[in-house]
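Understanding the architecture of this molecule
Below are the chains, spelled out letter by letter.
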Amino acid sequence: MEFLKLVKKRCSVRKFSVQPVSRKEIEACLEAARLAPSACNSQPWHFIVVDEGKLLVEMREAAVGNPVPINVFVRQAPVIIAVVEETAKLAASIGGFIKGHGYKHLDIGMAVENFCLAAAERGIGTCILGWFDEKRAKKILGVPKTKQIPLLIAVGYPIENFQIPEKKRRELSEIVSYNGYSRIEPDAGSNEQTCR
Ligand SMILES: Cc1cc2nc3c(=O)[nH]c(=O)nc-3n(C[C@H](O)[C@H](O)[C@H](O)COP(=O)(O)O)c2cc1C
């Protein structure tokens, strides 16, 4: 698929059909995540695919979010993927510390976006979830207390008549400047503070 078309097709899907997603399809998307770039090629990620039984029911509840249950739609998701943050290479950790940037989160973001784009190309919907009960998710999945799950991904085929929403994004002129910093502040009346 033409790249920009694919980027526009990827959207947060919050209405899933009951159609299951095969592990073959999930693995094709995970392959795209695996190939993502990372600082010092650390690859500080581990993906836990939850796709069956009681575990899935429990993970959906953890994904709904606590204390505010904003993700009730995940109760329909046939697959939930937990992204565990793993130890980075020493050079990446030192570099990140010196520079004051959390490279591991950047790395994970890239891997997750690769996953979501690969899914979109296959007609599979995804929604990245940052608001969920991490403590509960770790307990359900047996993730050591010392590790973090920064994100979950809800995965499933969109409902039959799903319409890709129009992208709400700032204009290029608002987010780009050439040869120096200049930024137009967003309108006070814009939807800057909304989550979606
Ligand atoms: C780090 C991160 C965390 C997010 N957490 C949630 C979430 O908990 N619940 C949700 O419904 N959407 C969540 N989203 C999806 C965003 O709301 C969505 O990407 C954004 O509104 C743009 O819409 P689009 O994905 O349809 O292009 C998250 C996205 C990112 C990148």
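Owing to the predicted nature of the structure, the values given are computational and were not obtained by experimental measurement. (Residues numbered from 1 in each chain as written. Predicted model: local features only at pLDDT ≥ 70, side-chain atom pairs only at ≥ 80, totals over all residues. Heavy atoms only, no water.)

Considerations on the site of the ligand
For the ligand, the set of nearby residues contains 16 residues, the closest of which are S12, R14, N71, K167 and R169. Interatomic distance of 2.9 Å between a side-chain N/O atom of R10 and an oxygen atom of the ligand. Residue I128 places a main-chain N or O atom 3.1 Å away from a nitrogen atom belonging to the ligand. Grouping the amino acids of the shell around the ligand by side-chain chemistry returns 8 nonpolar, 3 polar and 5 charged. (Near = heavy atom within 4 Å. Polar contact = N/O pair within 3.5 Å; in protein donor to acceptor, adjacent residues only side chain to side chain. Nonpolar A, V, L, I, M, F, W, Y, C, P; charged D, E, K, R; others polar.)

A short note on helix α5 (residues 103–121)
With 19 residues, α5 extends 27 Å between its outermost C-alpha atoms, agreeing within 8% with the 27 Å of an ideal straight helix rising 1.5 Å per residue. Those residues of α5 not exposed but buried are D107, I108, A111, V112, F115, C116, L117, A118, A119 and A120. Positive phi appears at G123, one or two residues downstream of α5, with a value of about 80 degrees. (Helix = DSSP H or I, 4+ residues; strand = E, 2+ residues; numbered from the N terminus. Expected span 1.5 Å × (residues − 1). Buried < 20%, exposed > 50% of the residue type's maximum accessible area, 1.4 Å probe, protein only.)

Brief notes about the sheet that holds strand β2 (residues 79–85)
Sheets are built from strands paired through backbone hydrogen bonds, the pairs being either parallel or antiparallel. Ordered by their spatial adjacency, 4 strands build an open sheet running β1-β2-β4-β3, and the pairing between neighbours is antiparallel. Lying at the two open borders of the sheet, with one neighbouring strand each, are β1 (45–50) and β3 (125–129). With direction set aside, neighbouring strand axes in the sheet form an average angle of 20 degrees. Pairing of β1 with β2, which is carried by 6 bridges, proceeds in the antiparallel orientation. Residue pairing across strands places I48 opposite A82, the latter belonging to β2. Packing against the sheet, helix α3 (residues 53–64) makes contact with β1, β2, β3 and β4 (148–156), and its axis sits at approximately 65 degrees to β2. Along the sheet face, α5 touches β1, β2, β3 and β4 and points at about 5 degrees away from the line of β4. (Pairing = 2+ DSSP bridges. Axes fitted to C-alpha atoms, helices over the stretch in contact; angles between N-to-C directions. Contact = heavy atoms within 4.5 Å.)

Considering the environment of E58
You can see E58 is positioned in helix α3. Its relative accessible area of 28% is what places E58 among the partly exposed residues. The spacing of E58 and Q193 is 135 residues in sequence and 31 Å in space, taken between C-alpha atoms.

Things to note about the packing of α3 against helix α6 (residues 134–141)
Two elements in contact, α3 and α6, have axes whose closest approach is 9 Å; the angle formed by their N-to-C orientations is 165 degrees. Overall, the two elements α3 and α6 adopt an arrangement that is roughly antiparallel. Crossing of α3 over α6 shows left-handed handedness. Within the contact between the two elements, α3 uses L55, E58, M59, E61 and A62 and α6 uses R136, A137, I140 and L141. A class-by-class count of the residues in the contact of α3 with α6 yields 6 nonpolar, no polar and 3 charged. (Parallel < 35°, antiparallel > 145°, perpendicular 65-115°, else oblique. Left-handed = near helix turned anticlockwise from the far one by under 90°.)

Points about the pattern of salt bridges
Inspection of every chain in the model, using the stated rule, returns 9 salt bridges. For R75, the salt bridge is made with E61, and the minimal N-O distance between the two is 2.8 Å. Taken together, the residues R75 in the loop between α3 and β2 and E61 in helix α3 connect sequence positions 14 residues apart. Its salt-bridge partner being K104, residue E85 comes within 3.2 Å of it at the nearest N-O pair. Taken together, the positions of E85 in strand β2 and K104 in helix α5 put the pair 19 residues apart, joining distant regions of the chain. Connected through salt bridges with shared partners, the residues R23, D51 and E52 form a single ionic network. (Salt bridge = Lys/Arg side-chain N within 4 Å of Asp/Glu carboxyl O.)

Some details on the nonpolar core
With 26 residues, the main nonpolar core has M59, L129, L141, I149 and L152 as its most contacted residues. Among the secondary structure elements, those contributing two or more residues to this core are β1, α3, β2, β3, α6 and β4. Among the elements that take part in this core, α3 stands out by supplying 5 residues, more than any other. Non-local contacts of L152, meaning those with residues more than four positions away in its chain, are made with M59, A63, I80, I81, A82, C127, I128, L129 and F132. Residues V21, C116, I153 and Y157 belong to the second largest nonpolar core, which totals 23 residues. (Core = buried A, V, L, I, M, F, W, Y, C linked by side-chain atoms within 4.5 Å.)

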